[in-house]
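One-letter residues, chain by chain:
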Amino acid sequence: MHALPFPSLRRLALGFTLTVAPLLAGCGQSPAAERVPFTPATDSAVLEHVPATATDAKARERAALRRALAARADQLDLALRLARLDIEEGRASGDPRYLGRAQAALEPWWSAEQPPPGVRLLRATILQGRHEFPAALADLDALVRETPDDAQAWLTRAVVLGVRGEHAEAQRSCAVLAPLAGAVAGAVCQAQVMSLAGRSRDAYARLSAALARGTHGADEQAWALSTLAEAAARAGDTERATKLFARVLAMDPSDAYTRAAYADLLLDLGRPSDVIALTKDHGQDDNQLLRRVLAEVALGTPEAPALAAELASRHAASHLRGDSLHAREEARFALHVEKDAAKALTLARANWEVQHEPWDARILLEAALAHGTPADAAPVLRFLEASGADDPAPLALAERVRKALP
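The rules behind each value
Residues numbered from 1 in each chain as written. Predicted model: local features only at pLDDT ≥ 70, side-chain atom pairs only at ≥ 80, totals over all residues. Heavy atoms only, no water. Core = buried A, V, L, I, M, F, W, Y, C linked by side-chain atoms within 4.5 Å. Buried < 20%, exposed > 50% of the residue type's maximum accessible area, 1.4 Å probe, protein only. Contact = heavy atoms within 4.5 Å. Helix = DSSP H or I, 4+ residues; strand = E, 2+ residues; numbered from the N terminus. Polar contact = N/O pair within 3.5 Å; in protein donor to acceptor, adjacent residues only side chain to side chain. Axes fitted to C-alpha atoms, helices over the stretch in contact; angles between N-to-C directions. Parallel < 35°, antiparallel > 145°, perpendicular 65-115°, else oblique. Left-handed = near helix turned anticlockwise from the far one by under 90°. Disulfide = S-S within 2.5 Å. Salt bridge = Lys/Arg side-chain N within 4 Å of Asp/Glu carboxyl O. Expected span 1.5 Å × (residues − 1). Arc of directions from axis to C-beta. UniProt positions renumbered as here; feature names shortened; annotations may be inferred. Nonpolar A, V, L, I, M, F, W, Y, C, P; charged D, E, K, R; others polar. Phe/Tyr/Trp six-rings, centres within 6.5 Å; stacked < 30°, edge-to-face > 60°. Lys NZ or Arg CZ within 6 Å of the ring centre and 35° of its normal.

A closer look at the nonpolar core
Counting 54 residues, the largest nonpolar core has Leu-177, Leu-207, Leu-228 and Phe-245 as the members making the most contacts within it. Among all residues touching Phe-245, those that are not within four sequence positions of it are Ser-226, Ala-229, Glu-230, Ala-233, Thr-258, Ala-261, Tyr-262 and Leu-265. Counting 25 residues, the second largest nonpolar core, distinct from the first, contains Ala-331, Leu-364, Val-380 and Ala-389.

Okay, structure coming up:
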């Protein structure tokens, strides 16, 4: 089994949906109009130095590995270690540039039809982070045939299938995972998929029972509790969900995914002040900044316009780079901040073509209602019915759409 830590399905699936701030963001620069795209004259031009601090052991290790690979790029073990570290850092920071750095470490094997298994796994992980799901699945399907005892490959496969809404096949991957990684890991995987499919009450009950029966370490416990929190929130048990989210963040304050999910719940509960407190020190991550902007706008604070302009400039910068991975979050921004239902609907529809998670369904339902064209949400209605979803929030939105249909 590879050394990558077990991420929650949604943490891994979230990948690098959002872009990070331009390099000068937060350094006294004016908004997007003054941020001119820069094309380096040569491939060797240095765009940014990111120094390792004295306390950042992993940053120092990454720097040492890069130096070693610069001297000789075909050192497979070093390349795999560096790529893993870059992927982990990218997930923690929300910075998609680490995906490119991870790919660069794997460059000698990147285009191979039959790369080493470790390269194939990390290539699939990078591809799923870019939402290149068919290519990621092709690698993962090949990998589980070649190395059927690779737990991380089965988990990553479940991730990609869950994002795409292929829940039955995702559950089959989780079932294979359980004997390889343990009953608790298998149960978390299965609960994640069930919750993504809209059956969160059942997911919560089954995972709670598995936790009561099995033993688990601290990392696995945080993964499981975060999954329980999301399931509780989706099932409408908001009191239990808030307690669980807070507990996970107390265990791991750097858990950016749980912070964003908790912020979404607090926004739904009408607690924007708590969202600001939760996210204000994490604005370098667009996920966190979006939640803060939504909260500031809800309160009508003096900071809201500048923060909204900053996030809009980040969206514009991502489009200049050809990055279209953040359609869901940009749709939320367009609908609730810019009040542009047509733009939100266009983004939400494009996003639905790629992935079918609960927030993908929700934003398309909301945008179709706001735009006055409920028929545009028909694909979500069919999906919810086929999946047997019983979570109250999407069903309530779906019922509003049905009533609005001609």
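Details of the environment of Asp-360
Turning to its location among the elements, Asp-360 is positioned in helix H19 (residues 358-371). A relative accessible area of 0% means that Asp-360 is categorised as buried. Put simply, Asp-360 and Ala-348 are 12 residues apart on the chain and 7.2 Å apart in space, counted from C-alpha to C-alpha. Side chain to side chain, Asp-360 and Asn-351 meet in a polar contact 2.7 Å long.

Things to note about the packing of H19 against helix H20 (residues 378-387)
Taken N-terminus to C-terminus, the directions of H19 and H20 make an angle of 140 degrees; their axes are 9 Å apart at the nearest point. One element, H19, and the other, H20, form an angle in the oblique class. The chirality of how H19 crosses H20 is left-handed. From H19, Ala-361, Leu-364 and Leu-365 reach across to H20, where they touch Val-380, Leu-381 and Leu-384.

Here's the deal with the state of the cysteines
Cysteine pairs can be linked by a disulfide, which is a covalent bond between their two sulfur atoms. Within this structure, the stated rule accounts for one disulfide. Disulfide partner of Cys-174: Cys-189, at an S-S distance of 2.0 Å. Taking the torsion about the S-S bond as the criterion, the Cys-174 to Cys-189 disulfide, at about -65 degrees, is left-handed. Note that Cys-174 is positioned in helix H8 (residues 167-181) and Cys-189 in helix H9 (residues 183-196), a separation of 15 residues in sequence.

Focus on the side chain of Asp-139
Relative to the elements of secondary structure, Asp-139 occurs in helix H6 (residues 133-146). Given a relative accessible area of 5%, Asp-139 falls into the buried group. A polar side-chain atom of Asp-139 sits 2.9 Å from a polar atom in the side chain of Arg-120. With residues near it in sequence (within four places) discarded, Asp-139 still touches Arg-120, Arg-123, Ala-124 and Leu-127.

A word on the pattern of salt bridges
In the structure shown here, the tally under the stated rule is 32 salt bridges. A salt bridge links Arg-66 to Asp-86; the nearest nitrogen and oxygen atoms lie 2.6 Å apart. Here Arg-66, found in helix H2 (residues 57-71), pairs with Asp-86, found in helix H3 (residues 76-93); they are 20 residues apart in sequence, far enough to count as distant. The partner of Glu-399 in a salt bridge is Arg-402, with the nearest N and O atoms 3.9 Å apart. You can see Glu-399 and its partner Arg-402 sitting in helix H21 (residues 392-404), three residues apart, about one turn around the helix. Take Glu-399: its relative accessible area is 37%, and that puts it in the partly exposed class.

A look at H8
The first and last C-alpha atoms of H8 sit 20 Å apart over 15 residues, in line with the 21 Å expected at 1.5 Å per residue. Within H8 the residues assigned to the buried category are His-167, Ala-170, Gln-171, Ser-173, Cys-174, Leu-177 and Ala-181. Buried residues of H8, viewed axially, fall in a sector of 155 degrees; they line one side. Tucked inside the fold, the buried residues of H8 contact helix H7 (151-164), H9, helix H11 (218-235) and H20.

Description of the UniProt feature "repeat: TPR" (unreviewed entry) in the protein chain
Under the UniProt annotation, the feature "repeat: TPR" (unreviewed entry) is placed at residues 222-255. In residues 222-255, the share of helix is 82% and the share of strand is 0%. The end C-alpha atoms are 9 Å apart.

Regarding the packing of helix H10 (residues 200-213) against H11
Between two packed helices, the angle of one axis relative to the other and the distance separating the axes together describe the packing. Relative to each other, H10 and H11 sit at 150 degrees, their axes nearing to 8 Å. Considered as vectors, H10 and H11 are oriented roughly antiparallel to each other. Crossing angle aside, the handedness with which H10 passes H11 is left-handed. Along its contact with H10, which presents Ser-200, Arg-201, Tyr-204, Leu-207, Ser-208 and Leu-211, the element H11 presents Ala-224, Thr-227, Leu-228, Ala-231, Ala-232, Arg-234 and Ala-235. Tallied by class, the residues present in the contact of H10 with H11 amount to eight nonpolar, three polar and two charged.

A short note on unusual backbone geometry
When glycine is set aside, most residues are seen to have a negative phi, and most peptide bonds are trans. Positioned with a positive phi, His-131 is a non-glycine residue whose angle comes to about 65 degrees. With respect to the helices and strands, His-131 occurs in the loop between helix H5 (117-129) and H6. Phi at Lys-339 is positive, roughly 60 degrees, even though this residue is not glycine. Inspection of the secondary structure assignment puts Lys-339 in the loop between helix H17 (327-336) and helix H18 (341-354). The exposed category is assigned to Lys-339, whose relative accessible area is 60%.

Focus on helix H16 (residues 304-320)
Here H16 is 17 residues long and its end C-alpha atoms lie 24 Å apart, about the 24 Å a rise of 1.5 Å per residue gives. Along H16, the positions that sit buried rather than exposed are Ala-304, Leu-307, Ala-308, Glu-310, Leu-311, Ser-313, Arg-314, His-315, Ala-317 and Ser-318.

Overview of the packing of aromatic side chains
Summed over all chains, the structure comprises two aromatic pairs. Relative to Tyr-262, the ring of Phe-245 lies with its centre 5.5 Å away and its plane at 25 degrees, an arrangement referred to as stacked. Of this pair, Phe-245 sits in helix H12 (residues 238-251) while Tyr-262 sits in helix H13 (residues 256-268), placing them 17 residues apart in sequence. Here Tyr-262 falls in the buried class, since its relative accessible area comes to 11%. Their ring planes at 85 degrees and their centres at 5.4 Å tell us that Trp-352 and Phe-383 sit as a pair that is edge-to-face. Of the two residues, Trp-352 is situated in helix H18 and Phe-383 in helix H20; the sequence distance between them amounts to 31 residues. We classify Trp-352 as buried; its relative accessible area is 6%. According to the relative accessible area criterion, Phe-383 is buried, its value standing at 15%. Sitting over the face of the ring of Tyr-98, Arg-101 holds its NZ or CZ atom 4.4 Å from the ring centroid.

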